[in-house]
There are 2 protein chains.
Amino acid sequence: MQIGELARRARTQAETIRYYERVGLLPETARTQGNYRVYDDRHVARLSFIRHCRGLDMSLEEIRALLRFADAPDESCAGVDALLETHIEHVTRRIKTLQSLKQQLQRLRKTCAATKETRQCGILNELSAHSRPPPDAPVEHVGGTHGIRNG
Amino acid sequence: MQIGELARRARTQAETIRYYERVGLLPETARTQGNYRVYDDRHVARLSFIRHCRGLDMSLEEIRALLRFADAPDESCAGVDALLETHIEHVTRRIKTLQSLKQQLQRLRKTCAATKETRQCGILNELSAHSRPPPDAPVEHVGGTHGIRNG
DNA sequence: CTTGACCCTGTAGCCGCTACAGGGTTTTCA
DNA sequence: TGAAAACCCTGTAGCGGCTACAGGGTCAAG
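Residues numbered from 1 in each chain as written. Chains lettered and ligands numbered in written order. Predicted model: local features only at pLDDT ≥ 70, side-chain atom pairs only at ≥ 80, totals over all residues. Heavy atoms only, no water.

Attention now goes to the overall build of chain A. In terms of helices and strands, chain A carries 6 helices and 0 strands. In chain A, the succession of α and β elements from N to C terminus is α-α-α-α-α-α. When contacts within chain A are restricted to residue pairs at least 6 apart in sequence, those whose partners lie at least 24 apart make up 51%. As presented, chain A carries roughly 8,100 Å² of accessible surface, and 49% of it is formed by carbon and sulfur atoms. (Helix = DSSP H or I, 4+ residues; strand = E, 2+ residues; numbered from the N terminus. Contact = heavy atoms within 4.5 Å. Areas by Shrake-Rupley, 256 points an atom, 1.4 Å probe, with all protein chains shown as cover.)

Our next topic: the packing of helix 3 (residues 41-55) of chain B against helix 4 (residues 60-71) of chain B. All names here are of chain B. Packing of helix 3 against helix 4 leaves a shortest axis separation of 10 Å and a crossing angle of 140°. Of the possible angle classes, the one that applies to helix 3 and helix 4 is oblique. Helix 3 and helix 4 meet at a crossing whose hand is right-handed. Each of R46, F49, I50, C53 and R54 in helix 3 lies in contact with helix 4, whose residues at this interface are L60, I63, L66, L67 and D71. For the contact of helix 3 with helix 4, the per-class residue count stands at 7 nonpolar, no polar and 3 charged. (Axes fitted to C-alpha atoms, helices over the stretch in contact; angles between N-to-C directions. Parallel < 35°, antiparallel > 145°, perpendicular 65-115°, else oblique. Left-handed = near helix turned anticlockwise from the far one by under 90°. Nonpolar A, V, L, I, M, F, W, Y, C, P; charged D, E, K, R; others polar.)

Turning our eyes to something else, we now look at the protein's contact with DNA strand D. In the vicinity of DNA strand D, 22 residues are found, and the nearest of them are Y20 and Y36 of chain A together with G4, R18 and R37 of chain B. Measuring from a phosphate oxygen of DNA strand D, one finds a side-chain N or O atom of R54 of chain A at 2.9 Å. Between Y36 of chain B and DNA strand D, the recorded distance is 3.4 Å, taken from a side-chain N or O atom to a base oxygen. For the surface near DNA strand D, the secondary structure elements donating two or more residues are helix 2 (14-22) and helix 3 (41-55) of chain A together with helix 1 (3-9) of chain B. Its residues assigned to classes, the surface near DNA strand D shows 6 nonpolar, 9 polar and 7 charged. (Near = heavy atom within 4 Å. Polar contact = N/O pair within 3.5 Å; in protein donor to acceptor, adjacent residues only side chain to side chain.)

So, about the pattern of salt bridges. Where side chains of opposite charge bring their charged atoms close, a pairing between them can arise. One pass over the full model with this rule turns up 12 salt bridges over all chains. Note that E21 of chain B is salt-bridged to R37 of chain B, the shortest N-O span being 2.8 Å. Placement of E21 of chain B in helix 2 (residues 14-22) and of R37 of chain B in the loop between helix 2 and helix 3 is noted, with a sequence separation of 16 residues between them. Of the two residues examined, E21 of chain B and R37 of chain B, each falls in the buried class. Counted as one network, the salt bridges with shared partners bring together E5, R9 and D41 of chain A. (Salt bridge = Lys/Arg side-chain N within 4 Å of Asp/Glu carboxyl O. Buried < 20%, exposed > 50% of the residue type's maximum accessible area, 1.4 Å probe, protein only.)

For the rest of this paragraph, the subject is the packing of helix 2 of chain A against helix 3 of chain A. Residue and element names in this part refer to chain A. In contact at an axis separation of 12 Å, helix 2 and helix 3 are set at 95° when each is read in the N-to-C sense. Viewed along their axes, helix 2 and helix 3 adopt a mutual orientation that is roughly perpendicular. Between helix 2, through T16, I17 and Y20, and helix 3, the contact on the second element is made entirely by L47, I50, R51 and R54. Tallied by class, the residues present in the contact of helix 2 with helix 3 amount to 4 nonpolar, 1 polar and 2 charged.

Here we take up the nonpolar core. Core analysis: the largest hydrophobic core is formed by 64 residues, its most contacted members being I63 of chain A together with I63 of chain B. Once residues within four sequence positions are removed from consideration, I63 of chain B is found in contact with L25, F49, I50, C53, R54 and M58 of chain B. (Core = buried A, V, L, I, M, F, W, Y, C linked by side-chain atoms within 4.5 Å.)

Moving on: helix 3 of chain A. All names here are of chain A. Between its first and last C-alpha atoms helix 3 spans 21 Å; for 15 residues at 1.5 Å apiece the expected length is 21 Å, and the two agree. Taken together, the buried positions of helix 3 are H43, V44, L47, S48, F49, I50, R51, H52, C53 and R54. A positive backbone phi angle near 70° is found at D57, which sits one or two residues after helix 3. (Expected span 1.5 Å × (residues − 1).)

Further remarks concern the domain arrangement of chain A. Residues and elements named next belong to chain A. Under the domain assignment, chain A is made up of domain 1 (3-66) and domain 2 (78-131). Across the contact, 6 residues belong to domain 1 and 5 residues belong to domain 2. Summed over both partners, the interface of domain 1 with domain 2 comes to about 460 Å²; 74% of that surface belongs to carbon and sulfur atoms. Among the residues domain 1 hides against domain 2, the three largest losses belong to M58, E62 and L66. Together they make up 79% of the total. Here the residues of the side of domain 1 that touches domain 2 are counted per class, giving 4 nonpolar, no polar and 2 charged. (Domains from an automatic or database assignment. Buried area = accessible area lost by both parts, 1.4 Å probe.)

For chain A, the average pLDDT comes to 79, and 72% of its residues sit at 70 or higher. When the criterion is pLDDT under 50, residues 130-139 of chain A qualifies, and its contacts beyond four places in sequence or with other chains add up to 18 contacts. (pLDDT = per-residue confidence, 0-100.)

Here we take up the packing of aromatic side chains. Residue and element names in this part refer to chain A. Under the defined criterion, the tally for this structure stands at 2 aromatic pairs over all chains. Seen in terms of ring centroids, Y19 and Y20 are 5.9 Å apart; in terms of plane orientation they differ by 50°. Their pairing is tilted. Its relative accessible area of 37% is what places Y19 among the partly exposed residues. (Phe/Tyr/Trp six-rings, centres within 6.5 Å; stacked < 30°, edge-to-face > 60°.)

Turning our eyes to something else, we now look at unusual backbone geometry. Here R11 of chain A, not a glycine, exhibits a phi torsion of approximately 50°, which is positive. One can find R11 of chain A in the loop between helix 1 (3-9) and helix 2. Judged by its relative accessible area of 61%, R11 of chain A falls in the exposed class. If you check the backbone angles, N35 of chain B has positive phi at about 75° while not being a glycine.

Written out as structure tokens, the structure is:
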């Protein structure tokens, strides 16, 4: 099968597949005479695995690590388990951050209830105040509020 | 004051300030003879405002919108309020996504409990399965699990 | 023999910075 | 006076994880 069919089967885009090859998540494949990439079912499985992990918001680095375990089946399952635990911690931390964020935003919004002009808008005043929430902790790896950068 | 002091006062980095100027969040300032940017207290206020909003995980686009309200004090506070509401929705949605993610990950981790070798690692098997969680909704704008991209 | 569907490589863009390189200016101190 | 240090400047490239082109080649059907 060629890249288009692989893309359909793994619900991805051809460009993403080529990207994964470029960054070493998918192996370089055989080519046809016309220089088209050729894939088989194992590629479908591997790509589906990757997309599944991405759906679970793992980074490509984490997935790379998982794939190393999958590729070396004699290593202990413990590594996989540990990686997953770490990832769950990241997610948990991110949830907590977002929850406190949400509270702050809601408090802020109430500030507006009274006044009705920007001139004296409580929100803007609050936001101008110097006190700031602590920055989002020693940059771990669970993204911001805005747009997961893929489709 | 010059850029370094502004940076210290607003707890930012000079490079970030120049970046904000470049993308139009901060105005272009006067310069000294030696071509150094010159700032005053209003710049501190504006930059603190921006950093505060960033601390609340707003996008620069949202902040730009807020600044427009702040710059045009006759417009209604309602716009500010609406913007905030939208942002809160983003955050709420992201929290929900992450929570369901976490559940999936925890289920996955239990799969491992029995077997102890990757060869038959339940996690890897599960992850290879074709069923995938739905992608993270029509890309709104609250980032992934990994690393808020600033300090 | 042309159309169209598919494929290729390479590069630039998204966000919000960060981190240089390679220079200039100003202050400080011997 | 002159050197070092501390500050500033512009410009460019990088992060992650793609996406979206431009500008071409290949292949099957009509």
